[in-house]
Amino acid sequence: MRDPEDMTMFVFRSLDEYQEHWRRMAPRFAERVAAAEALCAPWRDRREGFTVEAESYPAGRKADLAVEWLSSTGSQPAWREYLICPLTGLNARMRASVHVIDAQLGLRAGDAVYLTEQTTPLYQFLRAKFSRLIGSEYLEPSLAPGWIDAHGVRHEDLIRTSFSAEKFDAVLTFECLEHIPDYRAALRECRRILKSGGKLLFSVPFAASQQEHVIRARLRPDGSIEHLLEPEYHGDPRQQAGCLCFTHFGWEMINDLGAAGFNDPQVVTFWSREFGYLGDETAFFLATAP
């Protein structure tokens, strides 16, 4: 039976609002877990890859989305990092990013957009969508912001970019802020480079059931790293060893966005079997520059 709230985008501004949503949706959440379990059960014991047919929103058509068991931490795959569309190369969280950009930001093809990645399929897709898109990677701490390497890859540090104030209509950053020790400085920098009315959209590791952040590591005054929890590294297309995660975020981020100067910070969540957004609800933070 089709979930009547499949692909409904819910908007929350506090943990209390989300907890009420969770209580109301709890039976449906259980049904979704069971449906995902049925999809992967035939392949689990052998750890074989498989496909799930769903509508690929960026491609505008149905596709067999590819799933692997790498990065699995339990009985189900890491859904958001797989369900890869063969037509666009976008995994579930990247396809969801395109979906929420179109649904929530109201951007036009000629708007100025900054994306904090440049060597990914998502950058390639959005470059064709927005003519004034600028992408970048964090290459080396010794490089000057705005430096471009021989392959055309731009270096930027989100704490202090090379961009002028009020340059962009939107700043998009996905799975990035958790790797920045002083992520609050990065939020302030995003506010600085956004035009009035511009939108900040981002995703991070998000513990939707808790208010406080979990600080996993921090920088000491001498620049060395102090690990408060077991080191956690995330996949990075430019670093084989991965990238250290400093923070898992809670609803405290709403306060952080307000302190950085943003208006109406909120969390947008959704889930969809039709579009292949499985597992936990997909969540994005959204805020507006005043």
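Before any of the text, the structure's been laid out above.
Rules used in this analysis
Residues numbered from 1 in each chain as written. Predicted model: local features only at pLDDT ≥ 70, side-chain atom pairs only at ≥ 80, totals over all residues. Heavy atoms only, no water. Helix = DSSP H or I, 4+ residues; strand = E, 2+ residues; numbered from the N terminus. Rg over C-alpha atoms; globule rule 2.2 N^0.38 Å. Buried < 20%, exposed > 50% of the residue type's maximum accessible area, 1.4 Å probe, protein only. Contact = heavy atoms within 4.5 Å. Areas by Shrake-Rupley, 256 points an atom, 1.4 Å probe, with all protein chains shown as cover. Lys, Arg positive; Asp, Glu negative; His and termini not counted. Charge placed at Lys NZ, Arg CZ, Asp CG, Glu CD. Polar contact = N/O pair within 3.5 Å; in protein donor to acceptor, adjacent residues only side chain to side chain. Salt bridge = Lys/Arg side-chain N within 4 Å of Asp/Glu carboxyl O. Pairing = 2+ DSSP bridges. Axes fitted to C-alpha atoms, helices over the stretch in contact; angles between N-to-C directions.

Colleague: Tell me about the overall build of the chain, and please be specific about residues and values.
Modeller: Looking only at helices and strands, the chain has five helices and 15 strands in total. The C-alpha radius of gyration of the chain comes to 19 Å, within 12% of the 19 Å expected for a compact globule of 290 residues. Counting only residues that meet the buried cut, the chain has 49% of its 290 residues in that class. For the chain, restricting intrachain contacts to residue pairs at least 6 apart in sequence, the fraction spanning at least 24 positions comes to 60%. On the chain, roughly 13,800 Å² of surface is accessible, and the fraction owed to carbon and sulfur atoms is 50%. Charge centroids of the chain, computed over 32 positive and 41 negative side chains, lie 4 Å from each other.

Colleague: Got a sec to walk through the side chain of Thr161? Specific residues and values, please.
Modeller: Note on placement: Thr161 falls in the loop between strand 5 (132–135) and strand 6 (168–174). A distance of 3.3 Å separates the side chain of Thr161 from the backbone nitrogen of Phe163, its partner in a polar contact. Of note is the side chain of Thr161, whose polar atom sits 2.8 Å from the side chain of Glu189. Dropping the residues within four chain positions of it, Thr161 is found in contact with Pro145, Glu156, Glu189, Arg192 and Ile193.

Colleague: Describe the pattern of salt bridges, and please don't skip the residues or the numbers.
Modeller: Applying the stated criterion across every chain, the model contains 22 salt bridges. Its salt-bridge partner being Arg23, residue Glu20 comes within 3.1 Å of it at the nearest N-O pair. Within this pair, Glu20 and its partner Arg23 are both found in helix 1 (residues 15–44), separated by three residues, close to a single helical turn. By relative accessible area, Glu20 is classed as partly exposed at 44%. Note that Lys129 is salt-bridged to Asp102, the shortest N-O span being 3.1 Å. Here Asp102 lies in helix 2 (residues 92–104) and Lys129 lies in helix 3 (residues 121–129), a separation of 27 residues in the sequence. On the accessibility criterion, Asp102 (31% relative accessible area) is partly exposed. Among the charged side chains, a salt-bridge network with shared partners connects Asp3, Glu5, Arg24, Arg28, Arg32 and Glu281.

Colleague: If you had to explain the sheet that holds strand 5 to someone new, which residues and values would you point to?
Modeller: In spatial order, the strands read 1-14-15-7-6-4-5; together these seven strands make up an open sheet with mixed pairing. The open sheet has two free edges, formed respectively by strand 1 (10–12) and strand 5, since each of these has just one partner strand. Going across the sheet, the axis of each strand differs from the next one's by a mean of 20 degrees, ignoring polarity. As paired elements, strand 4 (residues 112–115) and strand 5 share four bridges and run parallel to each other. Paired with Val113 across the bridge in strand 5 is Leu133. Across the sheet, helix 1 is in contact with strand 1, strand 14 (263–272) and strand 15 (277–288); its angle to strand 1 comes to roughly 140 degrees.

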